[in-house]
Amino acid sequence: MILIDAVYINTGGGKVLLLELLAALRGAADVALLLDSRLEGLDTAGFTTFVVAPGEVGRARFYKEHGKRHGRVLCFGNVPPPVRLEADVAVYFHNVLLCEPIAEIGRRRRWLSAIKMAYIRLMSRNADRFLVQSPAVKSALANRLPAATEIIELPFYPSRPSGAGDTSDCPGRWNRYAYVSNAYAHKNHVTLLEAWERLACRGVYPELHLTVSGDHPQLYAKIEKLRAKGGLVVNHGFTEAAKVYGACGYQIYPSLAESFGLALVEAAEAGCAILAADRPFVRQVVSPLATFDPHSAAAIEQVVLLTYGKRATPSQVVVDNHLLRLAAWVRNGSWAKPA
């Protein structure tokens, strides 16, 4: 039997990728899922399913009881198994902040990230290889794991049909800027809103479309303060990304750190022109129209002034999608690229 260990995956980009992988595997025989008890909205029909509370105690108990039944194991939530198995084990690592915590996430989170990374390094002896989404993450992870650790770049993402993002004639599209993202500190919403406040002070009012949901009272207060000054900020809350991108000509992306940047791919495939932080992870997945210093509200202001109301060519995805290759390994243990 094949096991996909998705403990610690319950929301965000990790959940999106898990859904895509399971769709590619649907119909495969003898695939079991080990799931986070917080995960909702997952179609598990056709899979043998186990659910545990997030944490190593529940995982260790599961592997003690069921570990010998599995010939291949894909740990999808960054962390290797807590025990050594006879199975072929791959770990899909997609949290660069564990390797390179940044100041913006706060001292406590940096401390917790260091502890988690130390544990992953210790448990790396229980994995045969790590899979990552980009050269940047490969380099960062290699600096944290034993020198002999095998690390393979294997990015994948949900792909839209060709032409699905052609909404160039949508009225007012080139006056609208989308930032489809949750409100984690490294996503940098505060600097983005400061840029929109600067624009309002100039008498320039582009529409900013956000998708902030959850408990973020300080950020909501900043949004309301900006609206009171005439700033055009629409917060859709939790919603489908495609609806937001379809109405907007530009994606504005000030994130400070990403393991991959799934939202960049989604925006490009939806036909948006991308304005993004000047960071290596951006150019590893898309060709942005322009980049800016994400720490500078003035820099973001300037890139908006240069593009506001102007039609632009949609950005292109430059990263390959290796979904079929990953699915092939799960199904039959082969890393060969499908024909």
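Described in the following lines is the structure provided in the data block. Computed from a predicted model, the values in this text were never measured in an experiment.

Brief notes about the overall build of the protein chain
Okay, so step 1: In terms of helices and strands, the protein chain carries 12 helices and 15 strands.
Okay, so step 2: The C-alpha atoms of the protein chain give a radius of gyration of 21 Å, which matches the 20 Å a tight globule of 339 residues would have.
Okay, so step 3: When the 339 residues of the protein chain are sorted by exposure, 51% land in the buried category.
Okay, so step 4: Nonlocal contacts in the protein chain, meaning residues at least 24 apart in sequence, comprise 64% of its contacts between residues at least 6 apart.

Considering helix H11 (residues 297-307)
Okay, so step 1: Where H11 is concerned, the buried positions are Ala-297, Ile-300, Glu-301, Val-303, Val-304 and Thr-307. When H11 is viewed along its axis, its buried side chains cluster within an angular range of 165° and face the same direction.
Okay, so step 2: Turning to H11, the residues buried within the fold contact strand E8 (176-179), helix H6 (189-201), strand E11 (250-253), strand E12 (273-277) and strand E14 (290-292).
Okay, so step 3: Within two residues after H11, Gly-309 carries a phi angle of roughly 80°, on the positive side.

Considerations on the packing of aromatic side chains
Okay, so step 1: Enumeration according to the criterion identifies 10 aromatic pairs in this entry.
Okay, so step 2: Considering the side-chain rings of Tyr-177 and Trp-196, the 5.6 Å spacing of their centres and the 75° angle between planes classify their relative orientation as edge-to-face. With Tyr-177 in strand E8 and Trp-196 in helix H6, this residue pair connects regions lying 19 residues apart in the sequence.
Okay, so step 3: Note on Trp-196: relative accessible area 1%, which makes it buried.
Okay, so step 4: Where Tyr-179 meets Tyr-253, the ring centres are 5.5 Å apart and the plane angle is 90°; that geometry is what we call edge-to-face. A residue pair is termed long-range when its members are at least 10 positions apart, and Tyr-179 in strand E8 and Tyr-253 in strand E11 qualify at 74 residues.
Okay, so step 5: What makes Tyr-253 buried here is its relative accessible area of 2%.
Okay, so step 6: Taken together, the aromatic side chains of Trp-174, Tyr-177, Trp-196 and Tyr-250 make up a single cluster linked through ring pairs.

Points about the nonpolar core
Okay, so step 1: Formed by 51 residues in total, the largest nonpolar core has its most connected members in Trp-196, Leu-208, Leu-210, Tyr-245, Ile-252 and Leu-264.
Okay, so step 2: For this core, the leading source of residues is helix H9 (residues 262-269), giving 6 residues.
Okay, so step 3: Judged by nonpolar contacts, the second largest core, of 34 residues, contains Leu-34, Val-52, Met-117 and Ile-151.

Observations concerning the environment of His-186
Okay, so step 1: Position of His-186 relative to the elements: it lies in the loop between E8 and H6.
Okay, so step 2: Considering only alpha carbons, one finds His-186 and Lys-229, 43 residues apart in sequence, at a separation of 26 Å.
Okay, so step 3: Sequence-distant contacts of His-186, that is, excluding residues within four places in its chain, are made with Leu-97, Ile-102, Ile-105, Ser-255, Leu-256, Ala-257 and Glu-258.

Structural notes on the pattern of salt bridges
Pairing is possible between side chains that carry opposite charge, provided their charged atoms lie close to one another.
Okay, so step 1: Taken as a whole, this structure holds 13 salt bridges when the rule is applied.
Okay, so step 2: What you see here is one network of salt bridges that share partners, running through Asp-5, Glu-56 and Arg-59.

Calculation rules
- Residues numbered from 1 in each chain as written.
- Predicted model: local features only at pLDDT ≥ 70, side-chain atom pairs only at ≥ 80, totals over all residues.
- Heavy atoms only, no water.
- Helix = DSSP H or I, 4+ residues; strand = E, 2+ residues; numbered from the N terminus.
- Rg over C-alpha atoms; globule rule 2.2 N^0.38 Å.
- Buried < 20%, exposed > 50% of the residue type's maximum accessible area, 1.4 Å probe, protein only.
- Contact = heavy atoms within 4.5 Å.
- Arc of directions from axis to C-beta.
- Phe/Tyr/Trp six-rings, centres within 6.5 Å; stacked < 30°, edge-to-face > 60°.
- Core = buried A, V, L, I, M, F, W, Y, C linked by side-chain atoms within 4.5 Å.
- Salt bridge = Lys/Arg side-chain N within 4 Å of Asp/Glu carboxyl O.

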